[in-house]
Amino acid sequence: MGSLAVTGEEMLQMSFDDFQKQTTLMTNCTLLWKELSDHFNTLEQDLKKKSEAIQEKIQSLANETKETLDVLTEREVTIEGNVKIEIGKVEKRKEAALFAFENEDTQVFDDGVVNLLGKLKYFCVKMDFSGFWKFVIVRKKELDLLRVQIPLALSDCIDPAKFVLEAISEVFPVDKRQVKSDEKTIDLGWACVLLLESLIPVVADPVFGNTRPMVTPTMKKRAQKIADVWKQSLDQRGGIENVKTPDVHTFLQHLVTFGIVSKEDGIFYRKLVLSSAWRKQMPKLAVSLGLGDNMPDMIEELISKGQQVDAVHFTYEVGLVDKFPPVPLLKAYLNDSKKAATSLMEDPNNGKAAHLAGRKEQSALRAVIRCIEEYKLDAEFPAESLKKRLEQLEKTKVEKKKPVVVPANKRTRANNNGGPMPPAKAGRLTNAAYVSSFPASSTSYIRSPTHVPYPAGVPTYTYDNRATGPAMYGSRSPPCVRDPYGYSPEHSSPVMMTSPFTGPALSYPAYGGYGNGVPVYQQTYYR
């Protein structure tokens, strides 16, 4: 078959189409090249940045390594010198102890002769840890003064670390006191924490300070065994959730004081800190326990539990105020407290609802006011309105029903059960045996068959049928013949129900020295 003839016009069209394809291909190649070029440039920049970051990291690690090596070298160099210093101190303390034994001052406990520091040193020089412990635990009211003078006194001990361990051994790690089942155990955790805190400056390294306590290996091993015993007995104390806060505080302070913190127990320490986060010293202890990196998560957990005030203390301790602003946290805490107080008031079965609600709101106000004053937040959150509200709550008292005074010329007759009954009508006076409406004791009265009527000079008691008291008066006479309930409705309290009986109104003991009976917001031994 012969080939078809192609005209010039068709060839021209074919050539143009082929040119268009080549042009499109060249454009695509150019775009692809540009895209690949940009991609490789980006990779190069990323690799360069990563390389620079790695170099900085290497340099940082090199600097840290050099600093660590320098510290270790300095430690090695200073150990010998520090040991000589400690040996010199021990020799001086030994001489002082021997002198004290040879020249015992019988009037050392005379307040007019020796002050508190002298009394504390008396026990420390003689290594009388038992007498020292008994002397300290009865002086809780002098806590501030003890906190200053106990470190000075411990400096005179031949072995301060041993002295403190022996002194607190009565209650830590296990309470060895013999207490009867009907007696209440006195909490002495404050004294343990006081002695452990006072020991820190005494055993601090002369060069490195508190970061390296100068404690002998024997005492450090003993302190570790004590910590292990406490951990093993934790289940007997009710577990982490139920262990007493003073016990937790003592244990954590024990770890920090003797430098026996373990990185492997970080989760355990965190649980203990959060369980007692309201203690004032807990933020500092948390940092000393190596929990600084966990602080953001711990603060968020406190906020989720409604412990915003505790969260504020933690944020200031680790410098996370920008991430967790304190003012919104304090306002949220006040709102939560108001809601809780309102829910208490709505409980119809709680006769003390108003009292408990008032206590809760006052406690929250005091905590927030203290935070505002401690961290200088007045500009952002003025405390004047809170203080006025607190004063208003403190002045508000629920009006109680006054005891009814029955006139002395009114008499009651004894009932068959031996107790007093309302007086009978006038016509029955001559047939009744009477007892006083104000008995001298709470013993039951027994009707006497030989009891004679009152003499004729005693006026006859008249009783109106309309004044018959309701059953709620029991066996007592109604206070008024025209008002059998004994009080006017307009005087009744709208919040708390008054007792229907005519006896004295139920009263509650005062709390914490406040006139309205409200306890002080919990202090961390930070308080």
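Residues numbered from 1 in each chain as written. Predicted model: local features only at pLDDT ≥ 70, side-chain atom pairs only at ≥ 80, totals over all residues. Heavy atoms only, no water.

The name given to the chain in an unreviewed UniProt entry is FRIGIDA-like protein, with the source organism recorded as Papaver atlanticum. Per UniProt, the comment on the chain under Sequence similarities (unreviewed entry) is "Belongs to the Frigida family." (UniProt positions renumbered as here; feature names shortened; annotations may be inferred.)

Brief notes about the pairing of strand E2 (residues 209–213)
Here strand E1 (residues 204–205) pairs with E2 via two bridges, running antiparallel. By the bridge assignment, Asp 205 is partnered in E2 with Gly 209. Between E1 and E2, which pair antiparallel and follow one another directly, the connecting turn spans three residues. (Pairing = 2+ DSSP bridges. Helix = DSSP H or I, 4+ residues; strand = E, 2+ residues; numbered from the N terminus.)

As for empty space enclosed by the protein
To find leftover empty space, one rolls a probe the size of a water molecule over the atoms. Approximately 30 Å³ is the volume found for the largest cavity. Taken together, Leu 334, Ser 337, Lys 338, Glu 361, Ala 364 and Leu 365 make up the full set of residues lining the largest cavity. Those elements that place two or more of their residues in the lining of the largest cavity are helix H14 (326–345) and helix H15 (353–374). Taken together, the residues that form the lining of the largest cavity break down as three nonpolar, one polar and two charged. (1 Å grid on protein atoms, 1.4 Å probe; cavity = no way out; pocket = protein on both sides within 12 Å on 5 of 7 lines; lining within 4 Å. Points joined across faces, edges and corners; volume = space filled by probe spheres on them. Nonpolar A, V, L, I, M, F, W, Y, C, P; charged D, E, K, R; others polar.)

Describing the packing of aromatic side chains
Under the defined criterion, the tally for this structure stands at seven aromatic pairs. Ring centres 5.5 Å apart and planes at 80° place the aromatic pair Tyr 122 and Phe 123 in the edge-to-face group. A relative accessible area of 18% places Tyr 122 in the buried class. Residue Phe 123 is classed as buried on the basis of its relative accessible area, which comes to 7%. Arranged with centres 5.6 Å apart and planes meeting at 45°, the rings of Phe 123 and Phe 135 form a pair that is tilted. Of this pair, Phe 123 sits in helix H2 (residues 116–125) while Phe 135 sits in helix H3 (residues 129–137), placing them 12 residues apart in sequence. (Phe/Tyr/Trp six-rings, centres within 6.5 Å; stacked < 30°, edge-to-face > 60°. Buried < 20%, exposed > 50% of the residue type's maximum accessible area, 1.4 Å probe, protein only.)

Points about the nonpolar core
The biggest cluster of nonpolar side chains holds 89 residues, and the ones touching the most others in it are Leu 252 and Phe 314. Those residues in contact with Leu 252 that lie beyond four places of it in its chain are Tyr 269, Leu 272, Val 273, Met 282, Leu 285 and Leu 289. (Core = buried A, V, L, I, M, F, W, Y, C linked by side-chain atoms within 4.5 Å. Contact = heavy atoms within 4.5 Å.)

Observations regarding the confidence of the model for the chain
In this model, the chain carries an average pLDDT of 75, and 65% of its residues clear a pLDDT of 70 or more. A low-confidence stretch, residues 398–402 stays under pLDDT 50, and its non-local contacts, those more than four residues away or across chains, total 16 contacts. (pLDDT = per-residue confidence, 0-100.)

So, helix H5 (residues 160–168)
Burial within H5 is extensive, with eight of its nine residues counted as buried. Listing the buried residues of H5 in full gives Pro 160, Ala 161, Phe 163, Val 164, Leu 165, Glu 166, Ala 167 and Ile 168.

A closer look at the state of the cysteines
All chains considered together, the criterion is met by zero disulfides. Not part of a disulfide, Cys 124 finds its nearest cysteine sulfur in Cys 157, a span of 3.8 Å. Owing to a relative accessible area of 0%, Cys 124 belongs among the buried residues under this scheme. (Disulfide = S-S within 2.5 Å.)

Thoughts on the side chain of Thr 250
The topology assignment puts Thr 250 in helix H9 (residues 245–258). Here the side chain of Thr 250 touches Pro 246 through a polar contact of 2.8 Å, landing on its backbone oxygen. Setting aside chain neighbours within four positions, we find Thr 250 in contact with Phe 172, Gly 189, Cys 192, Val 193 and Leu 196. (Polar contact = N/O pair within 3.5 Å; in protein donor to acceptor, adjacent residues only side chain to side chain.)

Points about helix H12 (residues 295–304)
An α-helical turn contains 3.6 residues, so a residue and the one three or four places further along point in the same direction. Among all positions in H12, only Met 295, Pro 296, Met 298, Ile 299 and Leu 302 are buried. The buried residues of H12 all sit within an arc of 165° when viewed along its axis, so they share a single face. In the stretch just after H12, Gly 306 is the one whose phi turns positive, near 80°. (Arc of directions from axis to C-beta.)

Things to note about the environment of Val 203
Within the fold, Val 203 resides in helix H6 (residues 189–203). On the accessibility criterion, Val 203 (5% relative accessible area) is buried. Each C-alpha atom of the pair Val 203 and Thr 257 lies 8.9 Å from the other, and the pair is 54 residues apart in sequence. Among all residues touching Val 203, those that are not within four sequence positions of it are Arg 212, Pro 213, Met 214 and Val 215.

Details of the pattern of salt bridges
Applying the stated criterion across every chain, the model contains 13 salt bridges. Residue Asp 156 is joined to Lys 121 by a salt bridge in which the shortest nitrogen-to-oxygen separation is 3.8 Å. Taken together, the residues Asp 156 in the loop between helix H4 (143–154) and H5 and Lys 121 in helix H2 connect sequence positions 35 residues apart. Accessibility expressed as a relative area gives 29% for Lys 121, which makes it partly exposed. Here Glu 301 and Arg 270 are joined by a salt bridge, their closest N and O atoms 3.2 Å apart. Of this pair, Glu 301 sits in helix H12 while Arg 270 is found in helix H10 (residues 266–275), placing the two residues 31 residues apart along the sequence. For Glu 301, a relative accessible area of 26% puts it in the partly exposed group. Arg 270 sits in the partly exposed class, given a relative accessible area of 22%. A network of salt bridges, in which partner residues are shared, links Arg 270, Glu 301 and Lys 305. (Salt bridge = Lys/Arg side-chain N within 4 Å of Asp/Glu carboxyl O.)

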